[in-house]
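Structural features, examined
Here is how the chains run, residue by residue.
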Amino acid sequence: MYDFVIELKDTRMVYLEKILVQNGYSVIDYRAFDGSRSAIYVFSPARRFKEDELAFLAKNSIIYAGNIDERGKEVLRSRGIAHVNMLKDEIFAYENAIYTAEAALMLIIRNTSKSVYDMNMLIMGYGRVGKAMAQLLNSLGVRFAVAARNYVERAAARLTTDDVRDLSTSFEGVDVIVNTIPAEIVAAEKLLSIRKECYILELASMNVLDAEEAEKLELKYDIALGLPGKFTPESAGKSLAGAIIRSLQ
């Protein structure tokens, strides 16, 4: 069995290391690994890779991570490295979405001046994270709207709110926008309708709007990736371990 090579600078990875060691696996800190032999690499599912970083990995290894773009996948194939996308593990993805929603609510409370019960809140997208966010707010009795891309998502969203919209919805009067759609879908001219007091929380791997344009307009745009590792590291580490062990079995 290969050694596990883990980036231990991420707090949840420290908890992951403990669980793997308890299960009889050998773990090496990524910063101390010389790459001289094949290994099982584990990175945060939110990590974005540069091609040269992937080219540095030991040949004929396994890498547990999140999404990797096509150019990155080609680098891995050229080195005989197998990629296991942890986000395709349904149990892990569901747990990760719950932890993300919890942390998102904390950021909303921290970065706004109103009670969540006084806010006009808009969730954009109704994938795993959008659903987890909606379910959390609904369980607290908080009013919110959901804007989704297609009628299937909009129909599902009606289980948590009666305010369901398409993506052409107006941002006027909105206090908080939580985006979960990994695409730049907000045109520059539409940014003008967003109040400067509005808190925009970006949870997707690709920005919903142009960050430079948002800065020019002095919008409160918070790009918040990898929240489980920052705010619920013990639970997130346990979830990562579960996904890895299920894969190995």
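Note that the coordinates shown come from a computational prediction; the quantities given were computed from them, not determined experimentally.

Here is what the cut-offs are and how they apply
Residues numbered from 1 in each chain as written. Predicted model: local features only at pLDDT ≥ 70, side-chain atom pairs only at ≥ 80, totals over all residues. Heavy atoms only, no water. Buried < 20%, exposed > 50% of the residue type's maximum accessible area, 1.4 Å probe, protein only. Helix = DSSP H or I, 4+ residues; strand = E, 2+ residues; numbered from the N terminus. Arc of directions from axis to C-beta. Contact = heavy atoms within 4.5 Å. Axes fitted to C-alpha atoms, helices over the stretch in contact; angles between N-to-C directions. Parallel < 35°, antiparallel > 145°, perpendicular 65-115°, else oblique. Left-handed = near helix turned anticlockwise from the far one by under 90°. Nonpolar A, V, L, I, M, F, W, Y, C, P; charged D, E, K, R; others polar. Polar contact = N/O pair within 3.5 Å; in protein donor to acceptor, adjacent residues only side chain to side chain. Phe/Tyr/Trp six-rings, centres within 6.5 Å; stacked < 30°, edge-to-face > 60°.

Take helix α3 (residues 70-78) next. Listed as buried for α3 are G72, V75 and L76. Viewed along the axis of α3, the buried residues span an arc of 100 degrees, placing them on a single side of the element. The exposed set on the far side of α3, more than 90 degrees from its buried face, consists of E70, R71, R77 and S78. Buried positions along α3 lie against α2 (51-55), β4 (62-65) and β5 (82-85).

The packing of two helices is summarised by the inter-axis angle and the distance between the axes. Packing of helix α4 (residues 90-110) against helix α5 (residues 128-140) brings their axes to within 8 Å, and their N-to-C directions diverge by 55 degrees. Regarding the angle of α4 to α5, the classification is oblique. In terms of crossing hand, the pair formed by α4 and α5 is right-handed. Here α4 contributes E90, A93, Y94, A97, I98, T100, A101, E102, A104, L105 and I108 to the contact with α5, which in turn contributes R128, V129, A132, M133, L136, L137 and L140. Taken together, the residues that form the contact of α4 with α5 break down as 14 nonpolar, one polar and three charged.

Its place among the elements puts R47 in the loop between β3 (40-42) and α2. In terms of polar contacts, R47 uses its side chain to reach the side chain of E53, at 3.3 Å. With residues up to four places along the chain from it excluded, the contact list for R47 reads E7, E53 and N67.

Further remarks concern the packing of aromatic side chains. Going through the model one piece at a time under the given rule, you end up with six aromatic pairs. Ring centres of Y30 and F43 lie 5.3 Å apart, and the angle between their planes is 75 degrees; on these two criteria the pair is classed as edge-to-face. Taken together, the residues Y30 in the loop between β2 (27-29) and β3 and F43 in the loop between β3 and α2 connect sequence positions 13 residues apart. Residue Y30 shares its accessibility class with F43, and that shared class is buried. On the basis of an interplanar angle of 85 degrees and a centroid distance of 5.1 Å, the ring pair of F43 and F49 is categorised as edge-to-face. Owing to a relative accessible area of 1%, F43 belongs among the buried residues under this scheme. For F49, a relative accessible area of 17% corresponds to the buried category. An aromatic cluster of at least three residues, connected via ring pairs, comprises Y30, F33, Y41, F43 and F49.

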